[in-house]
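These are the residues of each chain, in order.
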Amino acid sequence: MSNIHGFVKESYTLGSQQDHFSPDINIAFAIDRNYLRPCGVTLFSITEHNKDLNIDFYIFTTFFDPFGYEEILKNNSNIRIHVYILNTQAYDNLQTNGHFTTAIYYRLSIANILQDKLNEILYLDADILCTSSIKEIKNLKFDNEVIAAVEEKWLSKDHLKSIDLPQSYQYFNSGVMLINIPLWNKINVIDQFNQHITKRSYKFPDQDVLNIILFNKVKYIHEKFNFFTQAPDVNPIFTHYLSSPKPWSIAATNNANYLIYYKKSPWGRIPLDLPKSRKEMRKYSSILWKDKKFAPSIKWFIKYLMTAK
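Everything numeric in this text was worked out from a predicted model, so none of it was measured.

The rules behind the values
- Residues numbered from 1 in each chain as written.
- Predicted model: local features only at pLDDT ≥ 70, side-chain atom pairs only at ≥ 80, totals over all residues.
- Heavy atoms only, no water.
- Helix = DSSP H or I, 4+ residues; strand = E, 2+ residues; numbered from the N terminus.
- Rg over C-alpha atoms; globule rule 2.2 N^0.38 Å.
- Buried < 20%, exposed > 50% of the residue type's maximum accessible area, 1.4 Å probe, protein only.
- Contact = heavy atoms within 4.5 Å.
- Lys, Arg positive; Asp, Glu negative; His and termini not counted.
- Charge placed at Lys NZ, Arg CZ, Asp CG, Glu CD.

Caption draft 1: Structural detail: the overall build of the chain. Secondary structure assignment for the chain yields 12 helices and 10 strands. Taking 309 residues into account, the globule formula puts the C-alpha radius of gyration at 19 Å, and the chain, at 20 Å, falls close to it. Seen along its three principal axes, the alpha-carbon backbone of the chain occupies a region of about 60 × 50 × 45 Å. Out of the 309 residues belonging to the chain, those deemed buried represent 53%. Within the chain, residue pairs in contact and separated by at least 24 positions form 76% of the contacts whose partners lie at least 6 positions apart. Across the chain, the mean location of the 36 positive side-chain charges is 8 Å away from that of the 30 negative side-chain charges.

Below is the structure:
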């Protein structure tokens, strides 16, 4: 997978400062068109708390619409946005299994694509909210690790056993990863991933395989960098909305803080997503019923009953 040019169909930069711009930190997202708005809200939340940092954002996607992003750029002269339109044909021959499509390779190829530009980059999932300064991340230093990430302490020992990892292993969440680009490419992560993924089925395909490949190659950082629990004593830098429905859904119930940023963002006037899955339909019906909105509650419950499992 060393043919970097095969991954990228087109690339361009948005932002007024093209010359003499020196980023303090580089941040990457890998999304499809369905996540353009959530990605924009995440990016917006980062700019809200980091006016004192120069930030280069990299968005790897198969489709990009500048709506909203241009407004953020207009209000933040300290950022640039580099857009990489990916050539999906470059991924078509990569191995997959029934659990996922080749879209999972988009973020795995970031380090390959940027290997001649950067030494490290912070990868973020697009279901994340920034609620504080990210300066601490800028100051993180690698020793000889491939990534820095947060442990998923809640993961069951049975799951570790199922993927042949020792029960003492610190399984990490891959939604926030500071990537050491030279070492990532040195051990050929994307090639190793391609080899492992066809060997068996995985509950969390991309994350499980990355944990196998990067065994003993992880720098573990505080959970405030990727906060997805309810621990009351943590002041998060990044809050990660792992569960479904996502916080931009009208069926979500744990999204009060997210909605503050959403409404302030350029996408604030766009209605939240309607329920798409049976689970979301039933949950939204329950929310409406509790609010004594009985007619719409019954309507959504009927939709839930009529939707195939």
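Caption draft 2: Main features of helix α9 (residues 205–213). The buried fraction of α9 is high, at eight of nine residues. Listing the buried residues of α9 in full gives Pro205, Asp206, Gln207, Asp208, Val209, Leu210, Asn211 and Ile213. Where the residues of α9 are buried, they touch α3 (105–108), α6 (157–162), β8 (172–180), α7 (181–186) and α8 (189–196).

Caption draft 3: Structural context of the environment of Glu280. Topologically, Glu280 is positioned in helix α11 (residues 278–290). On the accessibility criterion, Glu280 (10% relative accessible area) is buried. Linking Glu280 and Asp158, residues 122 residues apart in sequence, is a C-alpha distance of 28 Å.

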